[in-house]
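# Observations on the model geometry
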Amino acid sequence: MSFSERLLAWWERHGRHDLPWQTDRSPYRVWLSEIMLQQTQVATAKPYFERFTQRFPELEDLARAEIDEVLALWSGLGYYARARNLHRSAELCLERHDGSLPEQAEALQALPGVGRSTANAILAQAWDRRAPILDGNVKRVLARHRAIAGWPGRSSVEKLLWQAAEELTPDNRAADYTQAIMDLGATVCRPRNPDCRRCPVAEDCRARIEGRTEELPGRRPKKTRPRRQAEYLLLRDSAGRVLLERRPPAGIWGGLWSLPEHDSLELSGELEPLPSPAPMEHEFSHFSLRLEFHHVRLDTAIQVEDRVTAWLNIAEALERGLPRPMRALLECLDESDPGQAARDRLR
Ligand code: SF4
């Protein structure tokens, strides 16, 4: 049997068939799931997908939503550019494609956040069109099966992987095959300890035969991740509210609500220092950030309500789109005693 026949036979018995985007399948739901699954595992993405589609059942609902609401629903999923791209893409589909996703690879790739593999995954799963994909899972399976050495992020290696994907993708059952190869990568041909005994394509897998499953695919060349540090003001008023600032659209946490950076505000009035929460570490793809906090109470509830800042009680703040560490911090704060939770968190 061919590679795809073995894979499909395996998938029918052992693959995933009840993912929320597999039921009520539509181009919009497939696209949404594909964007959410970039850099995110199925188990994490599932509840977000369900909340999103409840609030925005159709593409047009997403296009007409406020970006703040989209970011709030995305909050905690990370890589927020994906949420901004989704929203912008929905608007573009409304402007250019009568409110539907386009059915051509080129037009799909013209949408922000949709690369070649994502466009093909959408074509295959939404319209059952033959379109090879090459996401992280598929790269791993093919690099091992064909013993393609080198880091898949390198263009020469990626080219070989695309060739393999082209050759192995069958003419029929595009949607099932796409799901099958993603499932194989996620559940059997895992990054560590691939379960070759359960693998339907083990017989001719070169990495298995040559004992190289641990070394393939090749690792990204090591670069030390720079460390940065930022200081944030955890500013409370006499009612216990916190001051949040909306971050500019570009840069880290673009468009999300955050504690203001320490040097971005000029404070006046009576300030009472409160015990500050312990610093936090947060990993971005290109650097590590150490967050330090200065916890201060103002004597009066000053009003700062404009486009970029807002005084909010904790429950209101948690409804905004927040960076993950800020959410974690605010979740521990006590509404009634601004100092208590911070004292609890003191190292
Ligand atoms: S045999 Fe092992 S290494 Fe090869 S594709 Fe299957 S699970 Fe991956």
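The model shown is predicted, which means the values in this text are computed figures rather than measured ones.

Attention now goes to the nonpolar core. Counting residues in each nonpolar core, the largest one holds 61 residues, and the members touching the most others are Trp31, Phe52, Leu62, Trp74, Tyr232, Leu244 and Trp253. For this core, the leading source of residues is helix α2 (residues 27–37), giving six residues. No fewer than three residues from each of domain 1 (3–130) and domain 3 (228–345) sit in this core.

Turning to the pairing of strand β6 (residues 288–298), a few remarks are in order. In this structure, strand β1 (residues 227–236) lies alongside β6, joined through ten bridges in parallel fashion. In the strand pairing of β6, Leu234 is matched with His295. Pairing analysis gives three bridges linking strand β4 (residues 271–273) to β6, with the strands arranged antiparallel. Of the residues in β6, the one forming a bridge with Pro273 is Val296. Alignment of strand β5 (residues 280–283) against β6, held across four bridges, turns out to be antiparallel. The residue bridging Glu281 from the neighbouring strand is Arg290, located in β6. Hairpin geometry of β5 and β6 is characterised by an intervening segment of four residues between the two adjacent antiparallel strands.

Another aspect to go through is helix α3 (residues 42–55). Compared with an ideal rise of 1.5 Å per residue, which puts 14 residues at 20 Å, α3 spans 20 Å between its outermost C-alpha atoms and is within 8% of the ideal. Within α3, burial applies to Val42, Ala45, Tyr48, Phe49, Phe52 and Thr53. Those residues of α3 that are buried are in contact with α2, α4 (59–63), α5 (67–74) and α6 (81–96).

Let us look at the pattern of salt bridges. Enumeration according to the criterion identifies 25 salt bridges in this entry. Glu103 is paired through a salt bridge with Arg129; the nearest N and O atoms lie 3.7 Å apart. Pair noted here: Glu103 is in the loop between α6 and α7 (105–109) and Arg129 is in the loop between α8 (116–127) and α9 (136–145), with a separation of 26 residues, a long-range link. Each of Arg206, Glu210, Arg212 and Glu215 takes part in one network of salt bridges that share partners.

Parameters and conventions
Throughout, residues of each chain are indexed from 1 in the direction in which the sequence is written. Local features are withheld for residues below a pLDDT of 70 in this predicted model, meaning they are given only at 70 or higher, and side-chain atom pairs are given and counted only at 80 or more; totals for whole chains, interfaces and linings count all residues. Note: side-chain values were computed over all heavy atoms of the structure, leaving out hydrogens and water. We call a set of buried Ala, Val, Leu, Ile, Met, Phe, Trp, Tyr and Cys residues a nonpolar core when their side-chain atoms join them within 4.5 Å. Accessible area is worked out with a 1.4 Å probe on protein chains only. A residue is then buried under 20% of its type maximum, exposed over 50%, and partly exposed in between. Helix and strand assignments come from DSSP, with helices taken as H or I runs of at least 4 residues and strands as E runs of at least 2, each series counted from the N terminus. Where each domain begins and ends is defined by an automated method or by a domain database. Any two strands with at least two DSSP-identified bridges between them are counted as paired. An expected span of 1.5 Å times one less than the residue number is assigned to each helix. Contacts: residue pairs with any heavy atoms within 4.5 Å of one another. Note on definitions: salt bridges are taken to be side-chain nitrogens of Lys or Arg within 4 Å of carboxyl oxygens of Asp or Glu.

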